[in-house]
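Each chain, written out:
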Amino acid sequence: MFKKNIIILLLLALVSCNTAKPVIITKKANAKPVLKTTIKTKPETNIPVKKTVIIAPTKPKATTTKKTKETVNNTPKEVIVSTSKTIVTSDVIVLYVSKYKDIAMGNMKNYGIPASIILAQGVLESGAGNGDLALSANNHFGIKCHVGWTGETVNHDDDASQECFRKYDNPSESFRDHALFLTSRSRYSKLFENQKGDYKAWARGLREAGYATDPKYPDKLISYIERYQLHQYDDLVLGINSNAKIKEITDELNVVKDDSVSWNSESYEVQKGDTLYSIAKKFALQVEDLKQKNNLTENALAIGQRLIVK
């Protein structure tokens, strides 16, 4: 029995020698807990990684359309620069021609100035009746005061600031004064050596005589005459039958008559048997008043001629 106990004790001693020593963990007071963090490393791989590129949206570029001709209701506009800058449409020019063609033809008969030149100058100098001087002073030809003018005047910026320009009671006075201006000044005398139907020579002659300083002045006049067929009114005065042509041109340009410019209320078409006296009496006018309104120096009338009666 005693031997058994000794053997058991020896076995226990051997076992205790082979066991691990106990781990003693000491804890400091107020020690902060240690947080374990796990850092994930990117696994090495041979698979290519697709990159996603994010493109920020860009503002669309503003597009500008350059117009060679501005339009109003699909009607081409053009800028007329003379004593003022005026924007008009072809319809406005056609109406202007329709309104003043009879006065122009009357001046051609009486003073020898081509009707086409008169109308082209009126369109250019007055902005087809819509320029500043035309509206404020009824001045359709940009005529300045000059020495000897005793009528009314207005000041307007042109080649210099606040230049003196002539003022008229109505446009017909301006047309008449334009004719007197050209016929009474010696520097324009060479113009009347040209044929009445040679509008190109007249256009160049006006520039050479000093009517305008713009070197392109003749080209502008010729352009209006040919675009709007103004030389046809020269043909009428010269006795060339072009009524059919004028009607055709008028139809092509789609002339829209307006009450404000309609000749029905402002003029009278001469009939067979009419005289200045009978027409003046019909509209309660004096013969001299009727002649002055229409720039007439003679009593002769032509059938179909239109006279301003108001």
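Summary of the structure given here.

What follows deals with the overall build of the chain. Along the backbone of the chain there are 12 helices and seven strands. Every one of the 310 residues in the chain was classed for burial, and the buried ones make up 36%. Put simply, 55% of the contacts in the chain that link residues at least 6 apart link residues at least 24 apart. About 21300 Å² of surface is accessible on the chain, with carbon and sulfur atoms providing 54% of the total.

Axis separation between helix α6 (residues 199-208) and helix α7 (residues 217-227) bottoms out at 8 Å; the angle between their running directions is 150°. Considering the angle they form, α6 stands roughly antiparallel to α7. Between α6 and α7 lies a crossing whose hand is right-handed. Of the residues in α7, those touching α6 at Tyr 199, Lys 200, Ala 203, Arg 204, Leu 206 and Arg 207 are Tyr 217, Pro 218, Leu 221, Ile 222, Ile 225 and Glu 226. Of the residues that constitute the contact of α6 with α7, the class distribution is eight nonpolar, no polar and four charged.

With that out of the way, let us pick up the packing of aromatic side chains. Counted under the stated rule, the structure contains 10 aromatic pairs. Taken together, a centroid distance of 4.9 Å and an interplanar angle of 85° make the contact between Phe 141 and Phe 175 edge-to-face. Note that Phe 141 is positioned in the loop between α4 (132-137) and β4 (153-156) and Phe 175 in helix α5 (residues 171-184), a separation of 34 residues in sequence. Take Phe 175: its relative accessible area is 0%, and that puts it in the buried class.

Counted according to the given criterion, the structure contains one disulfide. For Cys 145, the disulfide goes to Cys 164, at an S-S distance of 1.9 Å. Because the sign of the S-S torsion sets the handedness, a value of about -70° for the bond joining Cys 145 and Cys 164 places this disulfide among the left-handed ones. With Cys 145 in the loop between α4 and β4 and Cys 164 in strand β5 (residues 163-166), this residue pair connects regions lying 19 residues apart in the sequence.

This part covers the nonpolar core. Side chains of nonpolar character tend, in soluble globular proteins, to be buried together. Within the largest apolar cluster, 46 residues are counted, with the highest numbers of intra-cluster contacts made by Ile 93, Ile 113, Ile 117, Val 123, Tyr 211, Tyr 224 and Leu 230. Listing elements by their share of this core, those giving two or more residues are α2 (90-111), α3 (115-126), α5, α6 and α7. Broken down by element, the residue count for this core peaks at 10 residues, all from α2. Residues in contact with Leu 230, not counting those within four places in the same chain, are Val 97, Ser 116, Leu 119, Ala 120, Tyr 224 and Ile 225. Ranked by size, the runner-up nonpolar core spans nine residues in total, among them Tyr 268, Ala 280, Leu 307 and Val 309.

This part is about the pairing of β4. In β4, alternate side chains face the same way, and those of Val 154 and His 156 are buried while those of Thr 153 and Asn 155 on the opposite face are not. Of the pairings in the sheet, the one linking β4 to β5 comprises four bridges and is antiparallel in character. Counted as the bridge partner of His 156 is Glu 163 from β5.

Turning to the side chain of Glu 163, a few remarks are in order. Relative to the assigned elements, Glu 163 resides in strand β5. One polar contact links Glu 163 to Lys 144, side chain to side chain, over a distance of 2.9 Å. Apart from residues no more than four positions distant in its own chain, Glu 163 is found in contact with Lys 144, Val 154, Asn 155, His 156 and Asp 158.

Assignment of secondary structure puts Glu 288 in helix α12 (residues 287-293). Taking the relative accessible area as the measure of exposure, Glu 288 reaches 54% and is therefore exposed. C-alpha of Glu 288 to C-alpha of Leu 276: the two residues are 12 residues apart in sequence and 9.2 Å apart in space.

Time to look at the pattern of salt bridges. Applying the stated criterion across every chain yields a total of five salt bridges. Across the pair Asp 177 and Arg 166 runs a salt bridge, and its minimum N-O distance is 2.8 Å. Placement of Asp 177 in helix α5 and of Arg 166 in strand β5 is noted, with a sequence separation of 11 residues between them. A salt bridge links Lys 200 to Glu 226; the nearest nitrogen and oxygen atoms lie 3.8 Å apart. Taken together, the positions of Lys 200 in helix α6 and Glu 226 in helix α7 put the pair 26 residues apart, joining distant regions of the chain. By relative accessible area, which is 35% here, Lys 200 ends up partly exposed. Overall, Glu 226 belongs to the partly exposed group, its relative accessible area being 35%.

What counts and how
Residues numbered from 1 in each chain as written. Predicted model: local features only at pLDDT ≥ 70, side-chain atom pairs only at ≥ 80, totals over all residues. Heavy atoms only, no water. Helix = DSSP H or I, 4+ residues; strand = E, 2+ residues; numbered from the N terminus. Buried < 20%, exposed > 50% of the residue type's maximum accessible area, 1.4 Å probe, protein only. Contact = heavy atoms within 4.5 Å. Areas by Shrake-Rupley, 256 points an atom, 1.4 Å probe, with all protein chains shown as cover. Axes fitted to C-alpha atoms, helices over the stretch in contact; angles between N-to-C directions. Parallel < 35°, antiparallel > 145°, perpendicular 65-115°, else oblique. Left-handed = near helix turned anticlockwise from the far one by under 90°. Nonpolar A, V, L, I, M, F, W, Y, C, P; charged D, E, K, R; others polar. Phe/Tyr/Trp six-rings, centres within 6.5 Å; stacked < 30°, edge-to-face > 60°. Disulfide = S-S within 2.5 Å. Core = buried A, V, L, I, M, F, W, Y, C linked by side-chain atoms within 4.5 Å. Pairing = 2+ DSSP bridges. Polar contact = N/O pair within 3.5 Å; in protein donor to acceptor, adjacent residues only side chain to side chain. Salt bridge = Lys/Arg side-chain N within 4 Å of Asp/Glu carboxyl O.

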